[in-house]
Amino acid sequence: MYVAVKGGERAIDNAHAWLAEERRGDPAVPELTVAQIREQMRLAVNRVMAEGSLYDPDLAALAIKQSRGDLIEAVFLIRAYRTTLPRLGASQPVDTAAMAVDRRVSATFKDLPGGQVLGPTFDYTHRLLDFKLAAEGEVAAAPTQDTIPEPVPHVTGFLNRDGLIEAEPRDDTAPPDLTREPLELPAARPLRLQALARGDEGFVLSLAYSTQRGYGRTHAFVGELRIGRVAVEVDIPELGFAVEIGEVELTECETVNQFKGSKTEPPQFTRGYGLVFGQSERKSIAMSLVDRALRWKELGEDFTGAPAQDEEFVLYHCDNIQATGFLEHIKLPHYVDFQAELELVRRLRAEAAAAVQEAAE
Amino acid sequence: MAILAKAPPARLAELLPDLAAHAVLRAPETGAVMVRGRTGGTGAPFNLGEMTVTRCSVRLDCGAVGHAWVQGRDKAHATRAALADSLMQTDAAPRIRAMVLEVLAAEAKAARTARAGKAAATRVDFFTLVRGED
């Protein structure tokens, strides 16, 4: 017999007080400010914005401080906060071709208009710990070079001109929004991209890696990877026209993939696409690989049973807040459930014991 | 409006320290705008994620109405941007343009150029080591 109980209020209050103390750490060490996190832990801030699906660097930095650096907990805080915001509207689709690029590289073409711009990258560093960073010191200003602004067109545009890659025709249908309607399958590509853009970086990375290892192989080249700032334009109802209201930093990856061709289409390259808030290179490459793997049906490819091709598997498991919510809830009291299991197993054991005894007699 | 929206709030406050007498038509309100991208950069729109936005509308005593939608959650920024927008519809327009808008635009351009200069310094110059025989 189980009797409902309540309690633990004092224990919970004290646990939270201790959490606050532990969060602060040794008081002899200066406290981190939100601005320090925003400026110096920027890639963590970017990840929280991308997976929290809310672009606000100050809030993401605050969430990281509050969560003691647990990024999934920080994403959780941001997701909870965003539900309190009224939706004022939707932007015009951002024009990534007009991005002010910090970084732009192509693995498919060496010489291209706009050039290969490395930007502030970890690539080509030796991955040796830099003990100089353990000491405080001034950082020398980065070199600059006078430059005349020149357009930085998309690499896939060149291939498209020759018909060597599938076209991505402009379309202005209002996209579905999984924050407004429950995710339903089969999901169109815009819905898949929304889910992947806010999906867990680790999960999307592993799925993308699985396609490279042969589970739904797509032979991807990074046609182009670009990081920079784009203007966000919104239709202002008071004015009746669109105005730039701000700027967001984005990482965009376009992959160029193999395609055998079909009865109606001659062989041509196909596309995978990744777009993520902030400087999130790994995530955007991974996203474009998974996007491409999920497109098997529309490209007339075979379903090989690979996890990355299975949209139900990918879309229902890529959200780390859903995942962690369900995973972590099992640590909370399940006394009644467990009591039922306990009684069941006792009864089965008693029955089994009785059966053995009966057989022996 | 775009210049005011994208201005650093502290800088706008420096350039426009005094708030003209005004009535608030819509008190500053923070919400979210869904930022959209396009599949493949050019195709069908999709929802990328939201960003915080604060909007505000004011009316000057002379009747001029100003609106602002600014990125972020800074209500003072939205109010000030709405006021500057309303002043642009009055005789003060040339002064606001010269003292505020043009200054902000020049600073934004300088910041953009500085960043582009750093990016340009990381542009790769390829040189041929050995050319294979055709």
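Residues numbered from 1 in each chain as written. Chains lettered and ligands numbered in written order. Predicted model: local features only at pLDDT ≥ 70, side-chain atom pairs only at ≥ 80, totals over all residues. Heavy atoms only, no water.

Bringing the overall build of chain A into the picture now. Of regular secondary structure, chain A possesses 12 helices and 6 strands. A principal-axis box enclosing the C-alpha atoms of chain A has dimensions of 90 × 65 × 55 Å. Per-residue burial for chain A yields a buried fraction of 38% across its 361 residues. Partitioning the contacts of chain A with sequence separation of at least 6, the portion at a separation of at least 24 is 65%. Looking at chain A as shown, the accessible area adds up to about 21400 Å², and 58% of this sits on carbon and sulfur atoms. Taking the average place of the 39 positive charges on the side chains of chain A and the average place of its 57 negative ones, the gap between the two points comes to 3 Å. (Helix = DSSP H or I, 4+ residues; strand = E, 2+ residues; numbered from the N terminus. Buried < 20%, exposed > 50% of the residue type's maximum accessible area, 1.4 Å probe, protein only. Contact = heavy atoms within 4.5 Å. Areas by Shrake-Rupley, 256 points an atom, 1.4 Å probe, with all protein chains shown as cover. Lys, Arg positive; Asp, Glu negative; His and termini not counted. Charge placed at Lys NZ, Arg CZ, Asp CG, Glu CD.)

Along its 12 residues, helix H5 (residues 71-82) of chain A runs 16 Å from first to last C-alpha, staying within 8% of the 16 Å computed at 1.5 Å per residue. Among the residues making up H5 of chain A, those that are buried are Ala74, Val75, Ile78, Arg79 and Arg82 of chain A. End-on view of H5 of chain A: buried residues confined to an arc of 140°, all on one side of the axis. In this structure, the buried side of H5 of chain A is in contact with helix H3 (42-52), strand E1 (54-55), helix H4 (57-66), strand E2 (87-90) and helix H11 (320-329) of chain A together with strand E2 (45-60) of chain B. Taking the backbone nitrogen of Ile72 of chain A as reference, a side-chain oxygen 3.2 Å away marks Asp70 of chain A as the first, capping residue of H5 of chain A. (Expected span 1.5 Å × (residues − 1). Arc of directions from axis to C-beta. Polar contact = N/O pair within 3.5 Å; in protein donor to acceptor, adjacent residues only side chain to side chain.)

Glancing now at the interface of chain A and chain B. On the side of chain B, 50 residues touch chain A, which itself brings 73 residues to the contact. The junction of chain A with chain B conceals about 5500 Å² of combined surface from both sides, 60% of it contributed by carbon and sulfur atoms. Looking only at chain A, the three residues that lose the most surface to chain B are Leu88, Glu238 and Ile245 of chain A, adding up to 13% of its buried area. One salt bridge connects Glu244 of chain A with Lys6 of chain B, and the closest N-O pair in it is separated by 2.5 Å. At the boundary of chain A and chain B, one finds 30 residue pairs in polar contact (both at pLDDT 80 or more). No other element matches strand E5 (residues 241-257) of chain A, which puts 9 residues into the side of chain A that touches chain B. With 3 bridges connecting them, E2 of chain A and strand E1 (residues 22-38) of chain B associate as parallel partners. Bridged to Gly89 of chain A within E1 of chain B is Val33 of chain B. (Buried area = accessible area lost by both parts, 1.4 Å probe. Salt bridge = Lys/Arg side-chain N within 4 Å of Asp/Glu carboxyl O. Pairing = 2+ DSSP bridges.)

Attention now goes to the pattern of salt bridges. A side chain with one charge can pair with a side chain of the opposite charge if their charged atoms come near. Residue and element names in this part refer to chain A. The full count for this structure, using the stated rule, is 40 salt bridges over all chains. A salt bridge links Lys110 to Asp111, with the nearest nitrogen and oxygen atoms 3.0 Å apart. A residue is classified by how much of its surface remains accessible, and Lys110, at 47% relative accessible area, is partly exposed. Between Asp291 and Arg189 there is a salt bridge; the shortest N-O distance is 2.6 Å. Here Asp291, found in helix H9 (residues 281-294), pairs with Arg189, found in helix H7 (residues 189-197); they are 102 residues apart in sequence, far enough to count as distant. Overall, Asp291 belongs to the buried group, its relative accessible area being 0%. Ionic contacts of the salt-bridge type, sharing partners, join the residues Glu166, Arg192, Arg295, Glu298 and Glu311 into one network.

What follows concerns H9 of chain A. All names here are of chain A. Under the 1.5 Å per step criterion, the end-to-end length of H9 is 20 Å for 14 residues, consistent within 8% with the ideal 20 Å. In terms of burial, H9 is largely enclosed, as 12 of its 14 residues are buried. Looking at H9, one finds that the buried residues are Glu281, Lys283, Ser284, Ala286, Met287, Ser288, Leu289, Val290, Asp291, Arg292, Ala293 and Leu294.

To continue, consider the confidence of the model for chain B. Averaged over all residues, the pLDDT of chain B is 92; the fraction at 70 or higher stands at 96%. The least confident element of chain B, judged by mean pLDDT, is helix H1 (residues 2-6) of chain B at 93; the most confident is E2 of chain B at 96. (pLDDT = per-residue confidence, 0-100.)

This brings us to the side chain of Arg198 of chain A. Residues and elements named next belong to chain A. Within the secondary structure layout, Arg198 lies in the loop between H7 and helix H8 (201-212). A distance of 3.3 Å separates the side chain of Arg198 from the side chain of Ser53, its partner in a polar contact. What Arg198 contacts, discounting residues up to four positions off in sequence, is Ala50, Glu51, Ser53, Arg79, Leu178, Thr179, Lys283 and Asp319.

On to the packing of H8 of chain A against H9 of chain A, then. Packed helices, taken two at a time, are described by the angle their axes make and the gap between the axes. Residue and element names in this part refer to chain A. With their axes 8 Å apart at the nearest point, H8 and H9 run at an angle of 55° to one another. Considering their axes alone, H8 and H9 lie oblique with respect to each other. Where H8 crosses over H9, the handedness of that crossing is left-handed. Of the residues in H9, those touching H8 at Glu201, Val204, Leu205, Leu207, Ala208, Thr211 and Gln212 are Arg282, Lys283, Ala286, Met287, Leu289, Val290 and Ala293. Class assignment for the residues of the contact of H8 with H9 results in 9 nonpolar, 2 polar and 3 charged. (Axes fitted to C-alpha atoms, helices over the stretch in contact; angles between N-to-C directions. Parallel < 35°, antiparallel > 145°, perpendicular 65-115°, else oblique. Left-handed = near helix turned anticlockwise from the far one by under 90°. Nonpolar A, V, L, I, M, F, W, Y, C, P; charged D, E, K, R; others polar.)

Further remarks concern the sheet that holds strand E6 (residues 270-277) of chain A. Residues and elements named next belong to chain A. What the 4 strands build is an open sheet, ordered E3-E4-E5-E6; its pairing is antiparallel. With partners counted over all chains shown, the strands left at the sheet margins are strand E3 (100-105) and E6, one partner each. Neighbour-to-neighbour, the strand axes of this sheet turn through a mean angle of 25°, independent of strand direction. Running over the sheet, H3 touches strand E4 (221-236), E5 and E6 and is turned about 110° from E6.

Moving on to the domain arrangement of chain A. Residue and element names in this part refer to chain A. Examined at the domain level, chain A breaks down into domain 1 (9-82) and domain 2 (96-119 + 150-168 + 177-323). Summarising the inter-unit geometry, the C-alpha centres of domain 1 and domain 2 are found 29 Å apart. Each side of the interface is counted separately: domain 1 has 15 residues, and domain 2 has 20 residues. Both faces considered, domain 1 and domain 2 share a buried interface measuring about 1400 Å² in area, 52% of it formed by carbon and sulfur atoms. (Domains from an automatic or database assignment.)

The subject of this paragraph is the packing of aromatic side chains. In this structure the tally under the stated criterion is 4 aromatic pairs over all chains. Measuring from ring centre to ring centre gives 6.3 Å for Tyr273 of chain A and Phe46 of chain B, while their planes differ by 80°; the resulting arrangement is edge-to-face. One end of the pair, Tyr273 of chain A, is in strand E6; the other, Phe46 of chain B, is in strand E2, on a second chain. The exposure class of Phe46 of chain B is buried, given its relative accessible area of 0%. (Phe/Tyr/Trp six-rings, centres within 6.5 Å; stacked < 30°, edge-to-face > 60°.)

All names here are of chain A. Pairing of E3 with E4, which is carried by 5 bridges, proceeds in the antiparallel orientation. Of the residues in E4, the one forming a bridge with Ala100 is Arg229. Judged from the 15 bridges that link them, E4 and E5 form a sheet pairing that is antiparallel. Across the sheet, residue Ala231 finds its bridge partner in E5, namely Glu247. Taken together, E4 and the strand that follows it, E5, pair antiparallel across an intervening segment of 4 residues, in which Gly240 is found at a positive phi of about 85°.

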